[in-house]
Amino acid sequence: MNAFVARHRLIVLAYLGMLVLLLVTSYFSPGFLSEANLRSSVVLAAFVGIVALGQTFVIIGGGIDLSVPWVLNCAAILMAILCGGQDLPLLWVGPLVLAAGALVGLINGIGVAIFGVPAIIMTLAANVILQGLIVIYTGGLPTPRAPEMIRFLSVGRLGPIPVIGILWFVLAIAASFLLSKTAFGRYLYAVGSSATVAEFSGVPTARTTILTYVLSGFTAALAGMLLTGYSGQAYLGMGDPYLFTSVAAVAIGGASILGGSGHYVGTIAGALVLTILAGLLPALGLSTGALMVVYGVVILVTVAIGSEAFASLLRLVLPMRAGRIGSRQP
Amino acid sequence: MDLLSAHGLSKRFGGIVALDDASFSARAGEVHALLGENGAGKSTFIQILGGVLRPDAGTITLGGSDYRPVDPDAARARGIVTVFQELSSIPDLTVEGNIWFRREPRTVLRTVAKREIRRRTEALLDRYGFPALHPAQDLRRLSLAERQLVEIAKALAQEPRILVLDEATSSLAARETDWLLQLTRRLAEEGRLVVFISHRMGEVRAVADRLTIFRGGRTVAAHDAAAVSDEQIVTEMIGRRLERLYPERVSSATDRIAVGARDFSSGPRLPGVTFTLHEGEVLGVGGLQGHGQRELFQGLFGVARTQGEMTLWGTPAAIASPRDALVGREGIALVPEDRRGQGLMLSKTVRENLTLSVIRRMSSHGVLSRPREAALVKEMVDFLRIKVSTPEQQADTLSGGNQQKVIFGKMLLTEARVLLLYDPTRGVDVGTKSEIFQMMRDLAARGYAILFYSSDLQELVNVADRVMVLREGRVAATLAGDQVSEDAILRAAMFDEAA
């Protein structure tokens, strides 16, 4: 148990932070812990969590995916238009949209891993291109309503449990399995901690990197479809909040933004923290603007806490524990 | 009167005692060797001297007054400059940019005075006779050895009263090492103190006036160099008698060819070599630094593009990437040049490092088997006697020798029977060195074929069955049996026999 806490110190911290936040929120907003409210929090967190799933893999591998907002948005609009409000077309539209998301990821991954384009540039460019394409495609017109089947997936429930919560749980198990129990997971951590060492060790570095982007495109597209179900229709700009929240969830969840460490178990806590925070601030009478400011500060502080510089600062402040944190044995 | 003296120095890192009541004293005008195995406390001591660490207890006096540097700048201000083993140069700057980094001469407008920098750099390189460095070269294009020279130049530019050289020769080739040894003598004659750390006894013998030996964080002895034997020094360093550094050379080479290369080339530094490496053989690779050794190793391992013919165990091989090389028993494994940059994931555990190249072997259908992994890890930790408290220990907490053992373990787990060892004893203590040489012999006896490059000529002479000397990326000579000597290797490396 102790070894687990030591190894996953940051993930444990993320869950502790979430609990504290939950208590504080319920103090200021007594209705917060009601069943209905918890349920809606889980639903909101699930959207962040699903987008952040792919982002977690990309960031562990040492990259970043800035194309998630418009992959999400394109998926949403494509689905809405192709289904035209009907359930039946979803059977082929769903897989098609997911495949399209994965394809964008494939292109991102090939650009980064084979052609050596920096991840920031590659995915930022993909984001802008997709934005342009979708504006051309829709001509800015509103889309049909979301099919009922998608609505069921995102707002329906089985007994007291939201369907999307179950979906998220299944995805979380799959992601954790990939990271902890498979060769691909091991390769991913190796590529993220040192691409050179991984290459010298015979790790299929390019393939591993490309797969992370494919996964990210896939989860962004999935989230886009589900979000359409949640809001009833697809609209331009619906993906914009998810760039920041997906990266923030990963960072709050204890992953190094430079790659090589982290876990989806942490990202789940990150997604929940962001959602609870979004509930707390209105309860404190703060505006949406203030919410954004606090969001920004929270991610800065959490990333700083996880950093090497913060560790050495701690060493200065707490000389008793000098050298414990990350220092080198002579 | 001692220029530098330290008493009762102690330093702990958590539960680990790095220095335990250590003492040290040295005079101006001498080269003072500091000896000890990896983990003996040498690095901690010089980090305290250099202002990087602060001791938990103890005092240091420098030139008669109290010395407590709070940071490296404070140490430099008192005239102590350290050339650390881990290079701290900035790859994006030029040679001169690195030498004068943070101390650039300025113009009246506070911009960097480029011409003045060039003038000073040339004067500096000239004054100390630096081999083969040009002020405007980009650092990222330089070899490890050349970067090491830049570090030394940077230190000398600060006109130190006390110069600390931590394993400064470990990445240098013979000629540059000779130059550095002469330089240390000259600095001592100018009245400065040089604290010299090296794992190579020959070098210590060549330059040191006196020596201090650390073991387990304590000072075990201080001697006049002339009054003590090599054997006694080694005994004091390791706390027991080392039977012999080099194992007995019983050749186990067979007629079977493991690696055959014909006109094997890679870039301008390796225009073409032809050689054979036999089953059971340790083939040494010699020559001056930068004459194609690195390109040869990287080419064989698939890191660099190559042309020409290559056979592996009799069949033509096309190796375009390390993945092509690491294919089990019929493959090739490498101990790379840069332990920290190419060999180890420093922030990962010993376990994760050991098994990285054999993940496929311990998984079925892509799913890992932790018990199988644990078994492989235990096997290697025991076999190589890697000193870890648990395999979950992070790689960067290990000493240099133990880190190298982890890399060896990683290589052996691949089961490849052709091993490429690029300077495997660099920065490794004498006890571990002798273990590595013995292991090489044992592996050769079991039919492994080993290509062995070392920047230490003595090692080539004492460990290899044959030595292939490279000059300008071609085989200048292949020495065998009685022909193998430091002298013969150097001659082949430098002169055209026909001339």
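Residues numbered from 1 in each chain as written. Chains lettered and ligands numbered in written order. Predicted model: local features only at pLDDT ≥ 70, side-chain atom pairs only at ≥ 80, totals over all residues. Heavy atoms only, no water.

Participant: Any details on the overall build of chain B? Residues and values, ideally.
Facilitator: When helices and strands are counted, chain B shows 17 helices and 22 strands. Along the longest, intermediate and shortest principal axes, the C-alpha atoms of chain B span 70 × 55 × 50 Å. Each of the 499 residues in chain B was classed as buried or not, and the buried ones make up 57%. By sequence separation, contacts in chain B at least 24 residues apart represent 67% of the contacts at least 6 residues apart. As displayed, chain B offers around 20700 Å² of accessible surface, 48% of which is attributable to carbon and sulfur atoms. Once the 65 positive and 64 negative side-chain charges of chain B are each reduced to a mean point, those two points are 5 Å apart. (Helix = DSSP H or I, 4+ residues; strand = E, 2+ residues; numbered from the N terminus. Buried < 20%, exposed > 50% of the residue type's maximum accessible area, 1.4 Å probe, protein only. Contact = heavy atoms within 4.5 Å. Areas by Shrake-Rupley, 256 points an atom, 1.4 Å probe, with all protein chains shown as cover. Lys, Arg positive; Asp, Glu negative; His and termini not counted. Charge placed at Lys NZ, Arg CZ, Asp CG, Glu CD.)

Participant: Hey, could you go over helix α1 (residues 42-49) of chain B for me, with residue numbers and the actual values?
Facilitator: Residues and elements named next belong to chain B. The buried fraction of α1 amounts to six of the eight residues, a majority that puts the element mostly inside the structure. Taken residue by residue, α1 has K42, T44, F45, I46, I48 and L49 as its buried positions. One or two residues past the end of α1 sits G51, with phi positive at roughly 80°.

Participant: Tell me about the pairing of strand β16 (residues 332-335) of chain B, and name the residues and values.
Facilitator: Residues and elements named next belong to chain B. Residues I332 and L334 point to one face of β16 and A333 and V335 to the other, with burial holding for every one of them. Note that β16 and strand β19 (residues 418-422) share four bridges and pair parallel. Directly across from A333, in β19, lies its bridge partner L419. (Pairing = 2+ DSSP bridges.)

Participant: Can you break down the interface of chain A and chain B residue by residue, with the values?
Facilitator: By a widely used convention, the size of an interface equals the accessible area lost when the partners come together. Listed per partner, the contact involves 30 residues of chain A and 44 residues of chain B. Taken over both partners, the interface formed by chain A and chain B buries close to 2900 Å², and the fraction arising from carbon and sulfur atoms is 57%. The tally of links from chain A across to chain B stands at one salt bridge. Between E373 of chain B and R186 of chain A there is a salt bridge; the shortest N-O distance is 2.8 Å. The tally of links from chain A across to chain B stands at seven residue pairs in polar contact (both at pLDDT 80 or more). Residue assignment for the side of chain A that touches chain B shows that the elements contributing at least two residues are α8 (163-181), α9 (183-193) and α10 (195-200) of chain A. Here the side of chain A that touches chain B takes six residues from α9 of chain A, the largest share from any one element. A breakdown of the residues in the side of chain A that touches chain B according to their chemical character gives 12 nonpolar, 11 polar and seven charged. (Buried area = accessible area lost by both parts, 1.4 Å probe. Salt bridge = Lys/Arg side-chain N within 4 Å of Asp/Glu carboxyl O. Polar contact = N/O pair within 3.5 Å; in protein donor to acceptor, adjacent residues only side chain to side chain. Nonpolar A, V, L, I, M, F, W, Y, C, P; charged D, E, K, R; others polar.)

Participant: Can you lay out the packing of helix α12 (residues 241-252) of chain A against helix α14 (residues 288-305) of chain A for me, pointing to particular residues and giving the numbers?
Facilitator: Residues and elements named next belong to chain A. In the contact formed by α12 and α14, the axes pass within 9 Å of each other and the chain directions differ by 35°. Between α12 and α14 lies a crossing of left-handed hand. Counting all contacts with α12, which are made through F244, T245, V247, A248, A251 and I252, the residues of α14 involved are Y295, G296, V298, I299, T302 and V303. (Axes fitted to C-alpha atoms, helices over the stretch in contact; angles between N-to-C directions. Left-handed = near helix turned anticlockwise from the far one by under 90°.)

Participant: So, unusual backbone geometry: which residues are in play, and what are the values?
Facilitator: All names here are of chain B. In this structure, R385 is a non-glycine residue whose phi angle is positive, near 50°. With respect to the helices and strands, R385 occurs in the loop between α13 (370-384) and α14 (400-413). Even without being glycine, E415 reaches a positive phi, approximately 65°. The topology assignment puts E415 in the loop between α14 and β19. Overall, E415 belongs to the partly exposed group, its relative accessible area being 35%.

Participant: Pulling in residues and values, what's your account of the nonpolar core?
Facilitator: Judged by nonpolar contacts, the single largest core of 94 residues is most densely connected at F275, L296 and L451 of chain B. If near-sequence neighbours (up to four positions away) are discounted, F275 of chain B is found in contact with V259, G260, A261, L283, L296, L300, L451 and M468 of chain B. Counting 80 residues, the second largest nonpolar core, distinct from the first, contains F57, V104, L171 and L226 of chain A. (Core = buried A, V, L, I, M, F, W, Y, C linked by side-chain atoms within 4.5 Å.)

Participant: Before we move on, could you go through the domain arrangement of chain B and cite the residues and values that matter?
Facilitator: Residues and elements named next belong to chain B. With domains assigned, chain B is organised as domain 1 (4-238) and domain 2 (257-494). If you average the C-alpha positions of domain 1 and of domain 2, the two centres end up 30 Å apart. Together domain 1 and domain 2 conceal approximately 1700 Å² of surface at their shared face, both sides included; 54% is due to carbon and sulfur atoms. Seen at the junction of domain 1 and domain 2, the total is one salt bridge. Put simply, D456 and R200 hold a salt bridge, and the shortest N to O gap is 3.6 Å. At the boundary of domain 1 with domain 2, the tally comes to one residue pair in polar contact (both at pLDDT 80 or more). Among the elements that line the side of domain 1 that touches domain 2, the one with the most residues is helix α6 (residues 174-189), at three residues. When its residues are assigned to classes, the side of domain 1 that touches domain 2 shows seven nonpolar, six polar and six charged. (Domains from an automatic or database assignment.)

Participant: Hey, could you go over the packing of aromatic side chains for me, with residue numbers and the actual values?
Facilitator: Counted under the stated rule, the structure contains 10 aromatic pairs over all chains. Ring geometry for Y27 of chain A against F28 of chain A: centres 5.2 Å apart, planes inclined by 85°, an arrangement best described as edge-to-face. Judged by relative accessible area, which is 66%, Y27 of chain A ranks as exposed. Ring centres 4.9 Å apart and planes at 50° place the aromatic pair F24 of chain B and F45 of chain B in the tilted group. Of the two residues, F24 of chain B sits in strand β2 (residues 16-26) while F45 of chain B sits in helix α1, which places them 21 residues apart along the sequence. Among the residues examined, F24 of chain B registers a relative accessible area of 3% and is labelled buried. (Phe/Tyr/Trp six-rings, centres within 6.5 Å; stacked < 30°, edge-to-face > 60°.)

Participant: Which residues make up a nonpolar patch on the surface, and what are the values?
Facilitator: Residues and elements named next belong to chain A. A contiguous nonpolar patch, built from L13, L16, L19, V293, V297, L300, V301 and I305 and spanning about 710 Å² of accessible area, is present on the exposed surface. Those elements that place two or more of their residues in the nonpolar patch are α2 (9-28) and α14. Among the elements that make up the nonpolar patch, the one with the highest residue count is α14 (five residues). In this fold, L300 is placed in helix α14. Owing to a relative accessible area of 62%, L300 belongs among the exposed residues under this scheme. (Patch = residues over 30% accessible without salt bridge, like charges linked within 9 Å, V, L, I, M, F, W, Y side chains within 5 Å.)

Participant: How would you sum up the pattern of salt bridges? Please name residues and give values.
Facilitator: On inspection of all chains with the given rule, the structure shows 35 salt bridges over all chains. Residues R205 of chain B and D230 of chain B are paired through a salt bridge, measuring 2.6 Å at the closest nitrogen-oxygen approach. With a gap of 25 residues between them, R205 of chain B in helix α7 (residues 201-207) and D230 of chain B in helix α8 (residues 230-238) connect regions that are remote in the sequence. The class for D230 of chain B is partly exposed, based on a relative accessible area of 36%. It is possible to trace a salt-bridge network through shared partners that takes in R186 of chain A together with R351, R370, E373 and E392 of chain B.

Participant: Lay out the sheet that holds strand β14 (residues 307-312) of chain B in plain terms, naming residues and giving numbers.
Facilitator: All names here are of chain B. The strand order β12-β11-β14-β15 describes an open sheet built from four strands, whose pairing is antiparallel. This sheet does not close on itself; its edge strands, each paired only once, are β12 (270-278) and β15 (315-316). As judged from the two bridges shared by β14 and β15, these two strands associate in the antiparallel manner. The residue of β15 that forms the bridge with T311 is P316.

Participant: Now, about the environment of T414 of chain B: what can you tell me, with residues and values included?
Facilitator: Residues and elements named next belong to chain B. Along the chain, the position of T414 falls in the loop between α14 and β19. Taking C-alpha positions, T414 is 6.8 Å from L326, a pair spaced 88 residues apart along the chain. Setting aside chain neighbours within four positions, we find T414 in contact with L326, G328, R329, A333, S357, V358 and R361. Within polar-contact distance, the side chain of T414 engages the backbone oxygen of M411 at 2.6 Å.

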